[in-house]
Amino acid sequence: MKKLGIIILSVIMVGLLGSAGAAVAANKAKEAKVSELGQSEVFTGLYIRAADTVNIAGTVNGDVVVAANTVTISGVVRGNVYAAGERVVISGTVSGNVHLAASEATVSGKTGSLYVVASDITTAPAAQADGSIIAAASSILLEGTSSQAAYLAGSTVIVDGAVGGSLNVAGATIGLESKAKVGGDFTYDSSSVPQISNDQNISGTIRKANPAASSPSKSWWSTKLMGLLYNVASALLLGMVLLKLIPGTMQASADYLAKRPARSLLVGFGFILFVPITLVLLFVTIVGIPVAILGLFAYITVWMVASQLPALWLGRMVTRKDSSSMKFSDNALALLIGLLVLSL
């Protein structure tokens, strides 16, 4: 029933966004390929950007929410950072916590706690996390320092830096190099024995995780929880960007759904059934191929944006706020609530 409900909601959203797809595509076309905050520039407030490349060399007095192929933060952020991209590099100073979702994430600056999900994660020797580090990736190289505990999960995990608290690692290959220092216990979950250069640098005990805690069922739930958090974080970041870029379309679509759900459902089913057929027919003709390509792009864009609206609608129902008086922060909270509800 849960899956059926999500499918129906998604269909409704597609119907709502069918007419908005072209507007979204046009808006994306107008986006700057490079969004940059110069070294001498100061921005106060919530800094939200979506572009091919985002560079922050100046100062932001507030939180940062960015999505781009390449994200570089070399300046100062007096707040939290939420970033998603193919490559994310943080070499500046972030007074708050850092949340990253990327293919390649590199941190060499000063930050609060680090929460990272990526394919490859590297914290350089100069990196200083004033808090905990929680990271999941295929490959993790921790050369920087963390004032508190570190929780790392990956296929290959190498630690060659200092961890102020306990070190908890799960991985196929685990190594603690000569510069690795652990201020607490070192707990590992692996089928092989970790390679430790100098166990005298570990203040606490070295132990393998309780076998019962790493049973298949619990391991499965751990993996599912990590996947859930990643999906919610990614969807929330995308939704916040959309709320900033096209707030009118997002709010109007959610309002229309609340007033006419049945009609939205019918339009959504029609969109799903007939648009693919039309695109296929266009592809078989030489003249129609360019139109079909543009149509396919719009169709995919609509599907991507549609995933956010069920959550926004459900979150509004939970918060029970008047949509006309809802600010960006109110909509962001509603979106988060809705995403959590749909993920349960």
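For the structure itself, look to the data block above.
Residues numbered from 1 in each chain as written. Predicted model: local features only at pLDDT ≥ 70, side-chain atom pairs only at ≥ 80, totals over all residues. Heavy atoms only, no water.

Draft legend 1. Quick peek at the overall build of the protein chain. Along the backbone of the protein chain there are 8 helices and 21 strands. Going through the 344 residues of the protein chain one by one, you find that 42% of them count as buried. Relative to all contacts within the protein chain whose residues are 6 or more apart in sequence, the contacts with residues 24 or more apart total 23%. Approximately 17,100 Å² of the protein chain is accessible, and the part contributed by carbon and sulfur atoms is 62%. (Helix = DSSP H or I, 4+ residues; strand = E, 2+ residues; numbered from the N terminus. Buried < 20%, exposed > 50% of the residue type's maximum accessible area, 1.4 Å probe, protein only. Contact = heavy atoms within 4.5 Å. Areas by Shrake-Rupley, 256 points an atom, 1.4 Å probe, with all protein chains shown as cover.)

Draft legend 2. View of a nonpolar patch on the surface. A grouping of Phe283, Ile289, Ile293 and Leu296 is seen on the molecular surface, where their side chains present a nonpolar patch of about 320 Å² in accessible area. Here the nonpolar patch takes 3 residues from helix α6 (residues 289–306), the largest share from any one element. Relative to the helices and strands, Leu296 resides in helix α6. We classify Leu296 as partly exposed; its relative accessible area is 35%. (Patch = residues over 30% accessible without salt bridge, like charges linked within 9 Å, V, L, I, M, F, W, Y side chains within 5 Å. Salt bridge = Lys/Arg side-chain N within 4 Å of Asp/Glu carboxyl O.)

Draft legend 3. Geometry of the pattern of salt bridges. Applying the stated criterion across every chain, the model contains 1 salt bridge. For Arg87, the salt bridge is made with Glu104, and the minimal N-O distance between the two is 3.5 Å. Separated by 17 residues along the polypeptide, Arg87 in strand β7 (residues 81–90) and Glu104 in strand β9 (residues 98–107) bring together distant segments of the chain. On the basis of relative accessibility, which here comes to 33%, the residue Glu104 falls in the partly exposed class.

Draft legend 4. Layout of the environment of Gly164. Inspection of the secondary structure puts Gly164 in the loop between β16 (162–163) and β17 (167–176). Judged by its relative accessible area of 40%, Gly164 is partly exposed. Put simply, Gly164 and Asp130 are 34 residues apart on the chain and 9.7 Å apart in space, counted from C-alpha to C-alpha. Beyond its immediate chain neighbours, meaning those up to four positions away, Gly164 contacts Ser146, Ser147, Gln148, Gly183 and Gly184.

Draft legend 5. Region of interest: the nonpolar core. In terms of nonpolar packing, the biggest core is built from 47 residues, with Ile56, Leu100, Leu152, Leu167 and Leu176 touching the most fellow members. Here Leu152 is in contact with Ile133, Ala135, Ile140, Leu142, Val157, Val159, Leu167, Asn168, Val169 and Ala170, once residues within four sequence places are set aside. Counting 23 residues, the second largest nonpolar core, distinct from the first, contains Leu236, Met240, Met326 and Leu339. (Core = buried A, V, L, I, M, F, W, Y, C linked by side-chain atoms within 4.5 Å.)

Draft legend 6. Representation of the packing of aromatic side chains in the model. The full count for this structure, using the stated rule, is 2 aromatic pairs. Summarising the aromatic geometry, the rings of Phe43 and Tyr47 are spaced 5.0 Å apart at their centres and angled 80° between planes, so their arrangement reads as edge-to-face. Above the plane of the ring of Tyr47 lies Arg49, whose end atom (NZ or CZ) is 4.1 Å from the centre. (Phe/Tyr/Trp six-rings, centres within 6.5 Å; stacked < 30°, edge-to-face > 60°. Lys NZ or Arg CZ within 6 Å of the ring centre and 35° of its normal.)

Draft legend 7. Representation of the pairing of strand β3 (residues 47–56) within the structure. Pairing of strand β1 (residues 34–37) with β3 involves 4 bridges; the strand directions are parallel. Residue pairing across strands places Val34 opposite Thr53, the latter belonging to β3. The pairing of β3 with strand β5 (residues 64–73) spans 9 bridges and is parallel. The partner of Ile48 across the bridge, within β5, is Val65. (Pairing = 2+ DSSP bridges.)

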